[in-house]
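Fold and contact review
Spelled out from the first residue to the last, the chains are:
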Amino acid sequence: MIDLELALADLAEHLDHPASEHSAAELRRRLVAPVRGRRDFRPSTRALLVAAAVCAVVATGVVAIAPARQAVADWLGIGAVEIRRSDLPPGAAPSTTSKSSASTVPGATGPVRTATAARRLAAARKVARFTIVTPSLASAGALADVEIDHRVPGGLVALTYERFTLLEIATDPTEPPPLAKLVPGSTPVQRVTVSGRPGLWIAEAHEIGYIDRSGRFESDTVRRSGPVLLWERDGVTYRIEGLRSLEDAQAVAATLS
Amino acid sequence: MDPISDAELVVSARSGDVDAFTVLVERYRLPALRLAYGIAGDEAEDAVQDAFVKTFRKLHTFRPGSAFRPWLFTIVANEARNRRRSMSRRASLELRVREQPQSAATAADAPAIEHDQRRRLVAAVNELADNHREVVALRFFAGLSESETAEVLSCPLGTAKSRLSRALDVLRTALGEEVTL
């Protein structure tokens, strides 16, 4: 004799339903993918929305977290950082923006794509609320795409080059978002100087967590990100993603003007 | 450490924060999959994927202050129903139980339900009418409360309760002396 309701609850635990190990990554790709047929939801906008969540750590939250996380929290408290994460495993790490840019200009290659990106850069410079800078280093490669999102407080511009993505983000310091991202202390984080300004180099794929308004930190064990160089200057946060070496990233950063 | 609430995550996800939405996905993926499996069988995974994508894109229509869970499961159930309607092979709707044996630790803690009993129970569930199977999936596979089940079904609580009661009666009849009331 079995209790039917208990048996049904037990059955739920033993159903042979499909559960692909790749479904989470596939879902994420779809979430950041272009939405077709909606003029107000362009691919670039969607990609930027993902990239756009800008964080500023609430002061009380910084105090509440572990010392090992303090370095990152301190830095996050003075700037902004985009939160898009790669689904690729640690060690793979190319920019997802690079992928989206390929679909942004369908079929475009070489000079055609570069010309399109140049036009977009010129248009972005006319409307951005801050001065958009670009690297003059030849090894940076060609500019492949430019995206801008005005819905991010203060504005956000993403410049996609062949080898990396450069994000330039201005934030409204009077309106911090309710959630913040934080790199856990278990991930090596190196304090660096970028063109005379304090910054961070996160050389490895790293986990992401959240800080709520009360300062509690909760790790997200699902998402990971690749190498990133972060720094802030004159109210704009810069992020270079996709370069494997700190020296390469700093070389690009040094030529921004 | 208390987890971040659904409401907080929804606020962030509404502004385009995929990471925040991913936390919601991980929180509800398994019950959503069980619900979709109960309604659409082998189409469950695709139904859940579509449902989460639609949920993310519909977040701007979500009414602040209302419960996220029944809203999400309404979308999951709708997607699963759509899949069920468009399926050509009825056989793929048939539910199965996993065949692998339980671990010793699980077996020790589990209620005294034998694998053969599960198979007879799932066979009985497979014979339920669609509306009965759906209410069973909402209440027991997804683990929704009676009021949440009613919300997903867009019906009064009493209607949901009576539908569930009838579904359980059908199962009891099918299983005969094997179950208690």
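The rules behind the values
- Residues numbered from 1 in each chain as written.
- Chains lettered and ligands numbered in written order.
- Predicted model: local features only at pLDDT ≥ 70, side-chain atom pairs only at ≥ 80, totals over all residues.
- Heavy atoms only, no water.
- Helix = DSSP H or I, 4+ residues; strand = E, 2+ residues; numbered from the N terminus.
- Buried < 20%, exposed > 50% of the residue type's maximum accessible area, 1.4 Å probe, protein only.
- Contact = heavy atoms within 4.5 Å.
- Arc of directions from axis to C-beta.
- Phe/Tyr/Trp six-rings, centres within 6.5 Å; stacked < 30°, edge-to-face > 60°.
- Lys NZ or Arg CZ within 6 Å of the ring centre and 35° of its normal.
- pLDDT = per-residue confidence, 0-100.
- Pairing = 2+ DSSP bridges.
- Polar contact = N/O pair within 3.5 Å; in protein donor to acceptor, adjacent residues only side chain to side chain.
- Axes fitted to C-alpha atoms, helices over the stretch in contact; angles between N-to-C directions.
- Parallel < 35°, antiparallel > 145°, perpendicular 65-115°, else oblique.
- Left-handed = near helix turned anticlockwise from the far one by under 90°.
- Nonpolar A, V, L, I, M, F, W, Y, C, P; charged D, E, K, R; others polar.

**Description of the overall build of chain A**
On a plain count of helices and strands, chain A comes out with eight helices and eleven strands. When the 257 residues of chain A are sorted by exposure, 51% land in the buried category. Long-range pairs, those at least 24 residues apart, make up 61% of the contacts in chain A between residues at least 6 apart in sequence.

**Observations concerning helix 1 (residues 6-14) of chain B**
Since one α-helical turn is 3.6 residues long, residues separated by three or four positions face the same way. All names here are of chain B. Among the residues of helix 1, D6, L9, V10, S12 and A13 are the ones counted as buried. The arc enclosing the buried residues of helix 1, seen along the axis, measures out at 165 degrees, which places them on a common side. Contact partners of the buried residues in helix 1: helix 2 (18-40), helix 3 (44-57) and helix 4 (68-86). Note on helix 1: the residue one or two positions beyond its end, G16, has a positive phi of about 100 degrees.

**With respect to the packing of aromatic side chains**
Two measures describe an aromatic ring pair: the distance that separates the ring centres and the angle between the ring planes. Residue and element names in this part refer to chain B. Counted by the stated rule, this structure contains nine aromatic pairs over all chains. When the centroid spacing of 6.4 Å and the interplanar angle of 80 degrees are considered together, the rings of F21 and F52 count as edge-to-face. Note that F21 is positioned in helix 2 and F52 in helix 3, a separation of 31 residues in sequence. The same class applies to F21 as to F52, namely buried. Geometrically, the ring pair formed by F62 and F68 is edge-to-face, given 6.0 Å between the ring centres and 75 degrees between the ring planes. The residues F62 and F68 share a single accessibility class, namely buried. Connected via pairs of aromatic rings, a cluster forms that spans Y28, F62, F68, W71 and F73. Positioned above the aromatic ring of F140 is the side chain of R139, whose terminal nitrogen or guanidinium carbon lies 5.8 Å from the ring centre.

**Comments concerning unusual backbone geometry**
When glycine is set aside, most residues are seen to have a negative phi, and most peptide bonds are trans. You will see that S195 of chain A, though not glycine, has its phi angle at about 50 degrees, which is positive. Along the chain, S195 of chain A turns up in the loop between strand 6 (190-194) and strand 7 (197-202). We note that S154 of chain B has phi near 55 degrees; this positive angle belongs to a residue other than glycine. Topologically, S154 of chain B is positioned in the loop between helix 8 (146-153) and helix 9 (157-175).

**Here's the deal with the confidence of the model for chain A**
Residue and element names in this part refer to chain A. With 48% of its residues at a pLDDT of at least 70, chain A reaches an overall mean of 61. By mean pLDDT, helix 4 (residues 59-64) is the weakest element of chain A at 26, and helix 1 (residues 4-13) is the strongest at 92. Counting contacts from residues 36-109, a segment whose pLDDT is below 50, to residues more than four positions away or on other chains yields 173 contacts. Confidence over residues 174-182 falls short of pLDDT 50; this stretch has 42 contacts with residues more than four positions distant or in other chains.

**Observations regarding the pairing of strand 11 (residues 236-241) of chain A**
Residues and elements named next belong to chain A. Here strand 11 lies mainly inside the structure; six of its six residues are buried. Along strand 11, one buried face is formed by V236, Y238 and I240 and the opposite face, lined by T237, R239 and E241, is buried too. Two strands pair when backbone bridges link them, and strand 4 (residues 165-170) and strand 11 are joined in this way by six bridges, in the antiparallel orientation. Paired with A170 across the bridge in strand 11 is V236.

**Quick look at the side chain of E79 of chain B**
Residues and elements named next belong to chain B. Its place among the elements puts E79 in helix 4. A polar side-chain atom of E79 sits 2.6 Å from a polar atom in the side chain of K54. Among residues more than four places away in sequence, those in contact with E79 are A47, D50, A51 and K54.

**So, the packing of helix 7 (residues 130-141) of chain B against helix 8 of chain B**
Residue and element names in this part refer to chain B. Packing of helix 7 against helix 8 brings their axes to within 9 Å, and their N-to-C directions diverge by 135 degrees. Overall, the two elements helix 7 and helix 8 adopt an arrangement that is oblique. Here helix 7 runs over helix 8; the crossing is right-handed. Residues E134, V135, L138 and R139 of helix 7 pack against E146, T149, V152 and L153 of helix 8. Considering only residue class, the contact of helix 7 with helix 8 consists of four nonpolar, one polar and three charged.

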